[in-house]
Every structure is written in structure tokens, then in C-alpha cells.
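So you can see what is in the structure, the chains are spelled out below.
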Amino acid sequence: MATVLQIPTPHGHTVNITATSNYLPYTWTCTGGHTSRHGYASLPFARRDAQTHAHTCRRQPTSPGSGL
């Protein structure tokens, strides 16, 4: 799996688009703990959804006492 594109979010996370050699090769994952729910057949579709997520990504709520 190779990272083909990285998109920063307003809260300091990064959305990474990765590619494999499978039928639906592109997926995205966010360093905030979010992932795409399915694979994409083309990079433009994966990029569009990853950019949408990057613009709307929110920080994960922290649990009380976690020190975060």
C-alpha cells in the first residue's frame, strides 16, 4: 500500500489517500481516527471525498482524565 496524497485538516490531522492493486484501489484514512467506508476505483473520487472529510473533520472528543 502506498500513500499517493495527503490532505491537512483544520485541526491538525492529515487525511491520507492510499493505493493498492485491488479492484477498488483507493481508500483514505484520517489521523483523527476516521476511515473511508469503501474503496474508490479512481483517484479523483477518492480525493473529492477525502477533501470533503478534511474540511469537516473534528477533533475526537477526549475522555475525562485521559490527560489529553
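Everything numeric in this text was worked out from a predicted model, so none of it was measured. (Residues numbered from 1 in each chain as written. Predicted model: local features only at pLDDT ≥ 70, side-chain atom pairs only at ≥ 80, totals over all residues. Heavy atoms only, no water.)

(A) Quick peek at the pattern of salt bridges. Here the structure, examined in full by the defined rule, presents one salt bridge. Residue Asp49 pairs with Arg48 through a salt bridge whose shortest N-O separation is 3.3 Å. On the basis of relative accessibility, which here comes to 24%, the residue Asp49 falls in the partly exposed class. (Salt bridge = Lys/Arg side-chain N within 4 Å of Asp/Glu carboxyl O. Buried < 20%, exposed > 50% of the residue type's maximum accessible area, 1.4 Å probe, protein only.)

(B) Looking closely at the sheet that holds strand β2 (residues 14-19). Taken in spatial order, the three strands make up an open sheet running β1-β2-β3, and their pairing is antiparallel. Each edge of the open sheet is held by one strand with a lone partner, namely β1 (2-8) and β3 (26-30). Direction aside, neighbouring strands of the sheet carry axes that sit 25° apart on average. Bridge count between β1 and β2: six bridges; the pairing is antiparallel. Following the sheet pairing, Ala2 is matched in β2 by Ala19. (Pairing = 2+ DSSP bridges. Helix = DSSP H or I, 4+ residues; strand = E, 2+ residues; numbered from the N terminus. Axes fitted to C-alpha atoms, helices over the stretch in contact; angles between N-to-C directions.)

(C) Local environment of the nonpolar core. In this structure, Ile7, Val15, Ile17, Ala19, Tyr26, Trp28, Cys30, Tyr40, Ala46, Ala50, Ala54 and Cys57 together form the largest nonpolar core, which totals twelve residues. Secondary-structure elements contributing two or more residues to this core are β2, β3 and α1 (43-56). Residues contacting Cys30, with those up to four places away along its chain left out, are His13, Thr14, Val15, His53 and Cys57. (Core = buried A, V, L, I, M, F, W, Y, C linked by side-chain atoms within 4.5 Å. Contact = heavy atoms within 4.5 Å.)

(D) The arrangement of the side chain of His13 in detail. By the element assignment, His13 lies in the loop between β1 and β2. A distance of 3.4 Å separates a polar side-chain atom of His13 from the backbone nitrogen of Gly32. (Polar contact = N/O pair within 3.5 Å; in protein donor to acceptor, adjacent residues only side chain to side chain.)

(E) Structural view of the environment of Val15. Mapped onto the secondary structure, Val15 falls in strand β2. Separated by 15 residues in sequence, Val15 and Cys30 have C-alpha atoms that sit 4.2 Å apart. Once you skip the residues sitting within four places of it in the chain, Val15 turns out to touch Leu5, Gln6, Ile7, Thr9, Trp28, Thr29, Cys30, Ala50, His53 and Ala54.

(F) Just the side chain of Asn16, in detail. The topology assignment puts Asn16 in strand β2. Of the polar contacts made by the side chain of Asn16, one reaches the side chain of Gln6; its length is 2.9 Å. Contact partners of Asn16, with chain neighbours within four places excluded, come to Thr3, Leu5, Gln6, Thr27, Trp28, Thr29 and Thr31.

The analysis is restricted to geometry; functional conclusions fall outside its scope.
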